[in-house]
Amino acid sequence: MVDVCDNELYAHAARVSGQVVLITGAGSGFGKGVAFEFAKYGSKVVLGDVNADCVKATADAIVDVGGEAVWRQCDVRDWDQQVALFQAGFEAFGRIDIVIANAGIREIGGFMDVMQDENGLPQKPVTDTLDVNLTGVLYTTRLGIYYLGRTPESQRAARAIIHIGSMASMAALPGGVMYTAAKTALLGLLPGLHASLHHQNIRTGVVCPWFSDTGIMTDAGRAFLQGVPLAPVPRVVGAIFRAASDAEETSDGCVWTIPDDGEVCRVPREHMQLVGGVYTVLNERLARTGPRKKWSDATPSVSKDLAPRLVGSVVSATPVSVVN
Ligand SMILES: NC(=O)c1ccc[n+]([C@@H]2O[C@H](COP(=O)([O-])OP(=O)(O)OC[C@H]3O[C@@H](n4cnc5c(N)ncnc54)[C@H](O)[C@@H]3O)[C@@H](O)[C@H]2O)c1
């Protein structure tokens, strides 16, 4: 892991001046902090949150000190509301450059406590945690890919799509199975996004903080963690800023952790990869897959005779182009 000192978190801040940054869940906590930091360094910000009063307050505070901000009430579970948020930013500022998919909620619904309905049958689970923390993030990501692609090539500078994971991305969170599943999935999403987007100079990254004292914490959570050092909110905000603004190729597609109250650590890409056997082949293919190259160009051709024999094997799980 590579330590990133506090005084390096804003080392590339000059790159975001004049850029348009869209942040979900910007009414509180990390999202609000990140909005202020981008605005401070000259970015125009597009802010969404399910809580209209909070996100309006963030935007107003930025405008009051001379910054540029637009806001919309936006529930990330709702595709149309997310489209409206991106479109509002695009219409106000002419482009979107950086997307921070930050909105998230804690575990709700008690997945492990299977209750009975009025007929004595098992109740369907409440999936809000997955809907916000994973489906909502996928919507934001897809819209990010679309809107970042609309920036004319001559105007493209710092571009990034950054996700907010958690310590639960890498370790089980007791009592938070759906939260853990959603945050772990963001690590699964990262290599594929990086493989496709780094050729377009769109940075990717997942920032994984340890517990931090924001609106997501309950009093019960605070009591449970009493005496345990928390990740300072400004440091997490700085890690998100750095993941988005960094100019280095080596830090693109990486996981950034704040594992305790200490410094930010960056996990090099290769440390997140399985190696050996089929994984080596897959890693090489991912590295070779470029934007204009079709998947069929990046895979070996096999003869028509051989193709049926691949069915059912591990190799057949990857598309192969058949030579007639
Ligand atoms: N604070 C922590 O301990 C911690 C640790 C690891 C990861 N995280 C992650 O950080 C991110 C930000 O959380 P935070 O700690 O700043 O908490 P927070 O509660 O202070 O902020 C989250 C914001 O997201 C908004 N939001 C909730 N549901 C939404 C929805 N459906 N659509 C749009 N906005 C919605 C909330 O209104 C709130 O303003 C989340 O993804 C969270 O999972 C937090």
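By the naming in an unreviewed UniProt entry, the protein chain goes by NAD(P)-binding protein and is assigned to Exidia glandulosa HHB12029. What the UniProt record of the protein chain gives under Sequence similarities (unreviewed entry) is the line "Belongs to the short-chain dehydrogenases/reductases (SDR) family."

Peer 1: In this structure, what is going on with the site of the ligand? I would like to understand it.
Peer 2: Contacts to the ligand come from 28 residues, most closely from Ser28, Asp49, Tyr179, Ser212 and Thr214. Between the ligand and the protein, one listed contact pairs an oxygen atom with a side-chain N or O atom of Asp49 at 2.6 Å. One nitrogen or oxygen atom from the main chain of Cys74 is found 3.4 Å from a nitrogen atom belonging to the ligand. Protein contact buries 93% of the 820 Å² of open area that the ligand shows by itself. Given that more than half its atoms are within 2 Å of the pocket grid, the ligand belongs to the largest pocket. Elements represented by at least two residues in the shell around the ligand include exactly α1 (29-40) and α5 (177-197).

Peer 1: Even after reading the chapter, I still don't get a nonpolar patch on the surface, so can you show me in this structure?
Peer 2: Nonpolar side chains collect at one region of the surface, where Leu274, Val278, Tyr279, Val281 and Leu282 lie side by side and expose about 420 Å² of accessible area between them. Secondary-structure assignment places Leu274 in the loop between β9 (264-267) and α8 (277-288). Judged by its relative accessible area of 56%, Leu274 falls in the exposed class.

Peer 1: Sorry, what's going on with the side chain of Arg242 here?
Peer 2: As for its placement among the helices and strands, Arg242 is situated in helix α7 (residues 233-245). A polar contact is formed between the side chain of Arg242 and the side chain of Asp246, at a distance of 2.8 Å. In this view, Arg242 contacts Val4, Glu8, Leu9, Ala11, His12 and Trp256; residues no more than four positions away in its chain are not counted.

Peer 1: Would you take a moment to explain the nonpolar core for this structure?
Peer 2: Proteins that are soluble and globular tend to have nonpolar side chains buried together. Core analysis: the biggest nonpolar cluster contains 44 residues, and Ile23, Phe38, Leu47, Ile98, Ile100, Val207 and Ile240 have the highest contact counts within it. Those elements that place two or more of their residues in this core are β2 (20-24), α1, β3 (44-49), α2 (52-64), β5 (98-101), β6 (160-164), α7 and β8 (254-258). The element contributing the most residues to this core is α7, with 7 residues. Discounting residues that sit within four places of it in the chain, Ile240 has contacts with Phe30, Val34, Ile100, Ile162, Ile164 and Val207. One finds Val70, Ile96, Leu143 and Ile161 within the second-largest nonpolar core, a separate group that totals 18 residues.

Cut-offs applied
- Residues numbered from 1 in each chain as written.
- Predicted model: local features only at pLDDT ≥ 70, side-chain atom pairs only at ≥ 80, totals over all residues.
- Heavy atoms only, no water.
- UniProt positions renumbered as here; feature names shortened; annotations may be inferred.
- Near = heavy atom within 4 Å.
- Polar contact = N/O pair within 3.5 Å; in protein donor to acceptor, adjacent residues only side chain to side chain.
- Areas by Shrake-Rupley, 256 points an atom, 1.4 Å probe, with all protein chains shown as cover.
- 1 Å grid on protein atoms, 1.4 Å probe; cavity = no way out; pocket = protein on both sides within 12 Å on 5 of 7 lines; lining within 4 Å.
- Sits in = over half its atoms within 2 Å of the grid points.
- Helix = DSSP H or I, 4+ residues; strand = E, 2+ residues; numbered from the N terminus.
- Patch = residues over 30% accessible without salt bridge, like charges linked within 9 Å, V, L, I, M, F, W, Y side chains within 5 Å.
- Salt bridge = Lys/Arg side-chain N within 4 Å of Asp/Glu carboxyl O.
- Buried < 20%, exposed > 50% of the residue type's maximum accessible area, 1.4 Å probe, protein only.
- Contact = heavy atoms within 4.5 Å.
- Core = buried A, V, L, I, M, F, W, Y, C linked by side-chain atoms within 4.5 Å.

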